Amino acid sequence: LLLLLEATLQRLASGSDHPFHNGFYYNHIMRDNSNEEEKVGYFDGDKLVVETPKDPIYSSSGANVTLPCRYHYEPDLEGKHKIRIKWSKLRDDYTKEQDVLVAIGKIYMAFGDFHGRAHLRQTDQREASLVISDVRLQDDGKYRCEVIDGLEDESDVVDLRLQGVVFPYQPPRGQYQLNFHEAERVCQEQGAILANFNQLFQAWTEGLDWCNAGWLADGTVQYPIRQPRKPCGGLHLAPGIRSYGPRHRHLHRFDAFCFSSALRGEVFYLDRPAGMTLEEAKQSCQDVGAEIAHVGQLYSAWKFLGLDRCNAGWLADGSIRYPIAKPRANCGPAEPGIRSFGFPSKGRFGVFCYKER
């Protein structure tokens, strides 16, 4: 029985169990034995309606979140139906949807990265809400709630957005050195992921102005401009997101726009009177039960915890940076932000460490 149920859930996830969407009516093919002609019968049915919130649902890394979804019939029916539910995640690059969870009654199966983290909330007969625990950066995006009743199949979409921070990233070897796959990797190395367009747009509305083009999660290359200027598309263009469109993921090279969310720990600063080399800095963090911080962790601490330190320190990628939440004299520009001294080959500085709570 368990093997049969698992096979049924897998078939539901693949979509083969419901080959078409028919809305209010469904088609029934009949063969008349007298003349062997095909006839199509149309049957009035009760309309299945699926409802999800129109506004985005906001959460953050490490939290638990519920994506609401409910369904009903028009006209309303009191009878109990054999309902099947499928949740899937829409991909940024519009390729095949990612299966999240399928359910028949109270039996469900979660897939991939959602295994052990996703389940249904069914407080009553007409609820099909998805609960995701321990939210990850990759969970940001649009989710489809699909309800199947026999041949009738209706769905609606929920937009889950993580509260976070977008930061541009260049590797030590300089500007425009990353193809798409390398950009994905360097963001992950910094405790982040490639940003999507919504995240970049939100960062632009909050003041991000960056004249170097970078990869986004859908394989496009874009950059945000608040102050139009000649080297950044020209003075004649209005402020906005400049786009190069989709680029070749192997051949073309740009910078990266990374996205990081809230931290589960803290970032703090250590120093010695004579400063430290990079290797000494890493060891100093280990000596206090921590690790040298990644760039994404520094940005998150600055954004969400108000980290403010007018002392330059090493980070894990070999860069020297410091966070300013309250601009002041001798601490860089007049705007809040992360100041960077690049990737020095030598020198002695403090260090930013990260420790899980």
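Scroll up to find the structure this text is about.
Remember, predicted model here, so these are calculated numbers, not experimental data.

1. Observations regarding helix α2 (residues 180–189)
Listed as buried for α2 are F180, E182, A183, V186 and C187. Along the axis of α2, the buried positions cluster into a sector of 160 degrees, meaning they face one direction only. Contacts from the buried residues of α2 go to β14 (164–169), β15 (193–194), β16 (214–215) and β19 (255–261). Where α2 begins, the side chain of N179 points an oxygen toward the backbone nitrogen of H181, at a separation of 3.1 Å. Downstream of α2 by a residue or two, G191 has a phi angle that is positive, lying close to 70 degrees.

2. Section: the sheet that holds strand β7 (residues 84–89)
Here six strands make up an open sheet; going across it, the order is β4-β13-β12-β7-β8-β9 and the pairing mixed. Where the open sheet ends on each side, the last strands, each with one partner, are β4 (57–59) and β9 (107–110). Adjacent strand axes in the sheet meet at a mean angle of 20 degrees, parallel and antiparallel pairs treated alike. The pairing of strand β12 (residues 141–149) with strand β13 (residues 152–162) spans nine bridges and is classified as antiparallel. Counted as the bridge partner of Y143 is V158 from β13.

3. Some remarks on the packing of aromatic side chains
Inspection of the entire model under this criterion finds 13 aromatic pairs. Ring geometry for F114 and Y143: centres 6.2 Å apart, planes at 85 degrees, overall edge-to-face. In this pair, F114 sits in the loop between β9 and β10 (118–121) while Y143 sits in strand β12, placing the two residues 29 residues apart along the sequence. Across this residue pair, the class does not change: F114 and Y143 are buried. Between F201 and W204, the ring centres sit 5.5 Å apart and the planes meet at 40 degrees, which makes this aromatic pair tilted. In this pair, F201 and W204 are both assigned in helix α3 (residues 197–205), three residues apart and thus about one turn of the helix distant. Aromatic ring contacts, followed pair by pair, group Y176, F180, W215, Y223, Y244 and F254 into a single cluster.

Calculation rules
Residues numbered from 1 in each chain as written. Predicted model: local features only at pLDDT ≥ 70, side-chain atom pairs only at ≥ 80, totals over all residues. Heavy atoms only, no water. Buried < 20%, exposed > 50% of the residue type's maximum accessible area, 1.4 Å probe, protein only. Helix = DSSP H or I, 4+ residues; strand = E, 2+ residues; numbered from the N terminus. Arc of directions from axis to C-beta. Contact = heavy atoms within 4.5 Å. Polar contact = N/O pair within 3.5 Å; in protein donor to acceptor, adjacent residues only side chain to side chain. Pairing = 2+ DSSP bridges. Axes fitted to C-alpha atoms, helices over the stretch in contact; angles between N-to-C directions. Phe/Tyr/Trp six-rings, centres within 6.5 Å; stacked < 30°, edge-to-face > 60°.

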